[in-house]
Amino acid sequence: MPEIYLPEKIIFGKDKIKEFRPESCEHAILICDSDIFQNRGFLETIKTKSTKIISHVSVVVNQNIFELYNAATEVFFAKEADLIIAAGSAAAIDCGMLLSYESKAKFAAIPCCGTCGMTDFESGEYYSYRHSPSTLLLDPCIIRCVPSGMVAYDGLASFAYAIDTLENSDNIITKTFAVQGAVGILENLIPAYRGDIGALERLMYAMYFAVAAHRNGADLENSDLSKVSKFFAEFGYPRSSVCALIVPNIMESREHEMRESLFEIAMRTGIAHEDDDPAFVATRLIDEIRKIQASVGIPRAVSGFGLNESEYQTKKSNTTVPDDLLDLCYYGSFKFLKM
């Protein structure tokens, strides 16, 4: 039976962080990896609001996501906490999600930008622990403080999740979410990157549509996006950053199978017209993604991250991911060079 899993409560709108009301419990742990939350007073606001409802709130802050997870785990289980509140980057949301999965406690997510980093931890790979938070708070006042680079990478990573869902899902609801998210990201990413306040707000919501679709996709751990991002993440790059970079290459490799979905996205963003040839439209849309990447400073190939070619070739010889797809992502597309 088709099912959709979403947060029990989604709170959204400007300054809604000031109205945050976590579930009543004895002990909550508040975890964070972001300077934005500390320097702008968001973390203190969350703590103050939480202590009015919860007897004890432990705060764990660390910018290293793996150290954050280890410290949070120690505090959580030592004090038998009832609730996890994860605030900060997409990786911090993943951290709270994993801790929630391991403890069976509910968790609230308060992202500063994207809400999914596809982070693999030693104790759990992303697809083994992914699930929706019980409460999600999307406050555009937070994303306004985010560096433009994070906006670019989180936005295109979320676009990649939407494309991944459209490639691999037959569920009409998740596909609708994915298209809505993809369209919203394309329409708002560039102005949001440049600091347009309205675009930042719309982008934050569009990114969540894409993530909500992706969290409900089945067997995505075997998708091209998952396998390729996991391969390159083993060199130390965040999977979400890899996703933001490789998404047009994934689209190019599956252009024929995805023409209907790509045509719909192109139509709704004004990139195509109803009487255009679908094959031409798909190519035009992929080129548009590459132009957006160039505009926001994202390399056209994984080699642009500085990955040594000999290291890449050595690892490539020991994987089952198709060589042509890996090469397309590592070296970049020849089609883009001709633009």
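Above this text sits the structure in question.
Residues numbered from 1 in each chain as written. Predicted model: local features only at pLDDT ≥ 70, side-chain atom pairs only at ≥ 80, totals over all residues. Heavy atoms only, no water.

1. Observations regarding helix α8 (residues 172-193)
Turn by turn, an α-helix covers 3.6 residues, leaving residues three or four places apart pointing in a common direction.
Inference 1: Here α8 contains 22 residues, and its C-alpha end-to-end distance of 31 Å stays within 8% of the 32 Å for a straight helix at 1.5 Å per residue.
Inference 2: The largest bend in α8 is about 35°, located at E187, with the proline P191 one to four residues further on.
Inference 3: Its side-chain oxygen 2.8 Å from the backbone nitrogen of I173, N171 forms the N-cap of α8.
Inference 4: Backbone geometry just downstream of α8 places G195 in the positive-phi region, at approximately 100°. (Helix = DSSP H or I, 4+ residues; strand = E, 2+ residues; numbered from the N terminus. Expected span 1.5 Å × (residues − 1). Bend = angle between axes of the 7 residues up to and from the residue. Polar contact = N/O pair within 3.5 Å; in protein donor to acceptor, adjacent residues only side chain to side chain.)

2. Looking at the environment of C243
Inference 1: Tracing the sequence through the fold places C243 in helix α11 (residues 239-253).
Inference 2: Setting aside residues no more than four positions away along its own chain, C243 makes contact with M118, A157, A160, Y161, L225 and S229. (Contact = heavy atoms within 4.5 Å.)

3. Points about the packing of aromatic side chains
Inference 1: One pass over the structure, following the stated rule, counts 18 aromatic pairs.
Inference 2: Ring centres of Y237 and F305 lie 5.0 Å apart, and the angle between their planes is 40°; this geometry places the pair in the tilted category. A residue pair is termed long-range when its members are at least 10 positions apart, and Y237 in the loop between α10 (224-233) and α11 and F305 in the loop between α13 (278-295) and α14 (309-316) qualify at 68 residues.
Inference 3: When its relative accessible area of 19% is taken as the criterion, Y237 is described as buried.
Inference 4: What makes F305 partly exposed here is its relative accessible area of 23%.
Inference 5: Ring centres of Y330 and Y331 lie 4.7 Å apart, and the angle between their planes is 85°; on these two criteria the pair is classed as edge-to-face.
Inference 6: One aromatic cluster is present, formed by F66, Y69, F121, Y126, Y127 and Y129 through successive ring pairs.
Inference 7: We note K315 situated over the ring of F235; from NZ or CZ to the ring centre the distance is 6.0 Å. (Phe/Tyr/Trp six-rings, centres within 6.5 Å; stacked < 30°, edge-to-face > 60°. Buried < 20%, exposed > 50% of the residue type's maximum accessible area, 1.4 Å probe, protein only. Lys NZ or Arg CZ within 6 Å of the ring centre and 35° of its normal.)

4. So, a nonpolar patch on the surface
Inference 1: A cluster of nonpolar residues, I4, L6, I172 and I173, forms a patch on the protein surface that exposes about 340 Å² of accessible area.
Inference 2: On the secondary structure map, I172 appears in helix α8.
Inference 3: Taking relative accessible area as the criterion, I172 reaches 61% and is therefore assigned exposed. (Patch = residues over 30% accessible without salt bridge, like charges linked within 9 Å, V, L, I, M, F, W, Y side chains within 5 Å. Areas by Shrake-Rupley, 256 points an atom, 1.4 Å probe, with all protein chains shown as cover. Salt bridge = Lys/Arg side-chain N within 4 Å of Asp/Glu carboxyl O.)

5. With respect to the side chain of S240
Inference 1: Assignment of secondary structure puts S240 in helix α11.
Inference 2: When its relative accessible area of 13% is taken as the criterion, S240 is described as buried.
Inference 3: In this view, S240 contacts C116, G117, A157 and Y161; residues no more than four positions away in its chain are not counted.

6. Examining the sheet that holds strand β2 (residues 27-32)
Inference 1: As summarised here, the arrangement of the 6 strands in space is β1-β6-β5-β4-β2-β3, forming an open sheet in which the pairing is parallel. Taken across any chain shown, the strands that pair with only one partner, and hence form the sheet edges, are β1 (9-12) and β3 (56-61). The sheet shows a mean angle of 15° between the axes of neighbouring strands, direction not considered.
Inference 2: Helix-sheet contacts for helix α9 (residues 197-215) involve β1, β5 (106-111) and β6 (135-138), and the interaxial angle to β6 is about 150°. (Pairing = 2+ DSSP bridges. Axes fitted to C-alpha atoms, helices over the stretch in contact; angles between N-to-C directions.)

7. Brief notes about the packing of α10 against α11
Inference 1: Closest axis-to-axis distance for the α10/α11 pair is 9 Å, and the angle between their directions is 135°. Taken as axis vectors, α10 and α11 run oblique relative to one another. Read as a crossing pair, α10 and α11 show a hand that is right-handed. Listed contacts from α11 to D224, L225, S226, V228, S229, K230, F232 and A233 of α10 are R239, V242, C243, I246, I250 and S253.
Inference 2: Here the residues of the contact of α10 with α11 are counted per class, giving 8 nonpolar, 3 polar and 3 charged. (Parallel < 35°, antiparallel > 145°, perpendicular 65-115°, else oblique. Left-handed = near helix turned anticlockwise from the far one by under 90°. Nonpolar A, V, L, I, M, F, W, Y, C, P; charged D, E, K, R; others polar.)

8. Structural notes on the nonpolar core
Inference 1: The biggest cluster of nonpolar side chains holds 123 residues, and the ones touching the most others in it are F37, I110, F159 and F232.
Inference 2: Examining the composition of this core, we find that 12 residues originate from one element, α9, more than from any other. (Core = buried A, V, L, I, M, F, W, Y, C linked by side-chain atoms within 4.5 Å.)

9. A few points about unusual backbone geometry
Inference 1: Backbone geometry places D15, a non-glycine residue, at a positive phi of 65°.
Inference 2: Structurally, D15 is set in the loop between β1 and β2.
Inference 3: Positive phi outside glycine occurs at E80, with the angle close to 50°.
Inference 4: Locating E80 in the fold gives a position in the loop between α3 (65-78) and β4 (83-88).

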